[in-house]
Amino acid sequence: MNDQHSAAGTAVAEQAAAVAVPEAVPALDAAGAARPRGRGAAFVPVALVVAGGLSVQFGSAVAVLLMPRAGALGVVTLRLAVAALVLMAVCRPKLRGYTRADWGTVLAFGVAMGGMNTLFYQAVDRIPLGAAVTLEVLGPLALSVIASRRLINLVWAGLALGGVVLLGGGGFDRLDPVGAAYALGAGAMWATYIVFSARTGRRFPQADGLALALVVAALLSLPLGVLESGSKLLVPSTLGLGAVVALLSSVLPYTLELMALRRLPAPTFAILMSLEPAIAATAGFLVLDQALSTTDALAIALVIGASMGAVRSQVRVGKRRDHA
């Protein structure tokens, strides 16, 4: 990008508008008019986030089963490549009419997506799925604390963090340190993903920006996957499972989250991400036969309570705004 300083200035300004200001971007209908934003409408983006979480965590459980065949990097390549092909075929995004800042946003979104997936699958190749997601979710939680201007969001984030720590068994010293480091790195990339996903949703129509960002992420992961797994990626059964992982872990959740971030402020979205360890524990129990302990159940209750509190706070803010 030739105009790097200008693009960086635009990026900083828009990131401040997207994250620091705790207000949702009005959703527009086909005619460009603002959609109704009543109490029921406030829960629509929440439902989208939860559905996306269910999809991505059950997809991750399937990916764990696929790793012995294709390797961690090979699974990432299959997931992102198939997802990119599907969304490009469905969306057929136009490539003209966008500014350098628009393309810079898509590029950053794709890099964040690729980095998040690569680091996360390196983590689950070394530590249990629940622990990996527990560490990873610290990134969005940190984003919610940094970005929020309301004290109540700090309370909900603190409650969710307590549940995350409890789900991790009170400490992570017994985990593979390399795996734990990968999970923490994935969390940092997840926070970056949240910011640039919201910005991409505002700059590109429908899921066009997501499709283009997935192409970037797939191209970045392709050499790593081929280097690790080679011809193993072309085995029909492996390709089939890879397609399932792509649909569950990329196409559905990324699309749902992109839709949600058009209507939901980034701080609330970040706190809702605290549901991910609970969903991952459930997916591990149902798919990977990982039993839930009483401590796990208590941790799940804490993160769900924190998420419900965040949602109720957002609904109250929306109601006050509607009556203003």
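Residues numbered from 1 in each chain as written. Predicted model: local features only at pLDDT ≥ 70, side-chain atom pairs only at ≥ 80, totals over all residues. Heavy atoms only, no water.

## Some thoughts on the overall build of the protein chain
Operational definition: Secondary structure follows DSSP: runs of H or I at least 4 residues long count as helices, runs of E at least 2 residues long count as strands, and numbering of each begins at the N terminus. With a 1.4 Å probe rolled over the protein chains alone, any residue whose accessible area is under 20% of its type maximum counts as buried; one over 50% counts as exposed, and the rest are partly exposed. What makes two residues a contact is simply this: any of their non-hydrogen atoms within 4.5 Å. For the accessible areas, the method is Shrake-Rupley and the probe is 1.4 Å, while residue cover comes only from the protein chains on display.
Summing up its helical and strand segments, the protein chain has 13 helices and zero strands in all. Taken from N to C terminus, the helices and strands of the protein chain fall in the order α-α-α-α-α-α-α-α-α-α-α-α-α. The buried share among the 324 residues of the protein chain stands at 51%. Across the protein chain, the fraction of contacts at a sequence separation of at least 24, relative to all contacts at a separation of at least 6, is 88%. Per element, the accessible surface of the protein chain, about 14100 Å² overall, is 67% carbon and sulfur.

## Quick notes on the packing of helix α4 (residues 100-124) against helix α9 (residues 208-229)
Stated formally: Throughout, an axis means a line fitted to C-alpha atoms (over the contacting stretch in the case of helices), and angles, computed between N-to-C directions, take values from 0 to 180 degrees. For classification purposes, angles smaller than 35 degrees are called roughly parallel, those larger than 145 roughly antiparallel, those between 65 and 115 roughly perpendicular, and all remaining angles oblique. For a crossing to be left-handed, the near helix must be turned anticlockwise from the far one by less than a right angle; the clockwise case is right-handed. Each residue is assigned to one class: nonpolar for Ala, Val, Leu, Ile, Met, Phe, Trp, Tyr, Cys and Pro, charged for Asp, Glu, Lys and Arg, and polar for all the others, Gly among them.
Viewed as axis vectors pointing N to C, α4 and α9 meet at an angle of 50 degrees, and their least axial separation amounts to 7 Å. Between α4 and α9, the angle falls in the class oblique. Pair α4 / α9 crosses with right-handed handedness. In contact with W103, V106, L107, F109, G110, V111, M113 and G114 of α4, α9 contributes G209, L210, L212, A213, L214, V216, A217 and L220. Classifying every residue of the contact of α4 with α9 by side-chain character gives 13 nonpolar, three polar and no charged.

## So, the nonpolar core
Proteins that are soluble and globular tend to have nonpolar side chains buried together. Applied cut-off: Put simply, buried Ala, Val, Leu, Ile, Met, Phe, Trp, Tyr and Cys residues joined by side-chain atoms within 4.5 Å make one nonpolar core.
M113, F120, Y121, L129, Y193, L210 and L214 are the most contacted members of the largest nonpolar core, which has 78 residues in total. In terms of residues, this core owes the most to one element, helix α8 (residues 177-203), which gives 10 residues.

## Observations concerning the pattern of salt bridges
Note the threshold: Just to be clear on terms, a salt bridge is a Lys or Arg side-chain nitrogen sitting within 4 Å of an Asp or Glu carboxyl oxygen.
Within this structure, the stated rule accounts for one salt bridge. With a closest N to O distance of 2.2 Å, R203 and D102 form a salt bridge. With a gap of 101 residues between them, R203 in helix α8 and D102 in helix α4 connect regions that are remote in the sequence. Accessibility expressed as a relative area gives 18% for R203, which makes it buried. Among the residues examined, D102 registers a relative accessible area of 10% and is labelled buried.

## A word on the packing of α4 against α8
Taken N-terminus to C-terminus, the directions of α4 and α8 make an angle of 155 degrees; their axes are 7 Å apart at the nearest point. The angle between the axes of α4 and α8 places the two elements in the roughly antiparallel class. Crossing of α4 over α8 shows left-handed handedness. Its residues assigned to classes, the contact of α4 with α8 comprises 18 nonpolar, eight polar and three charged.

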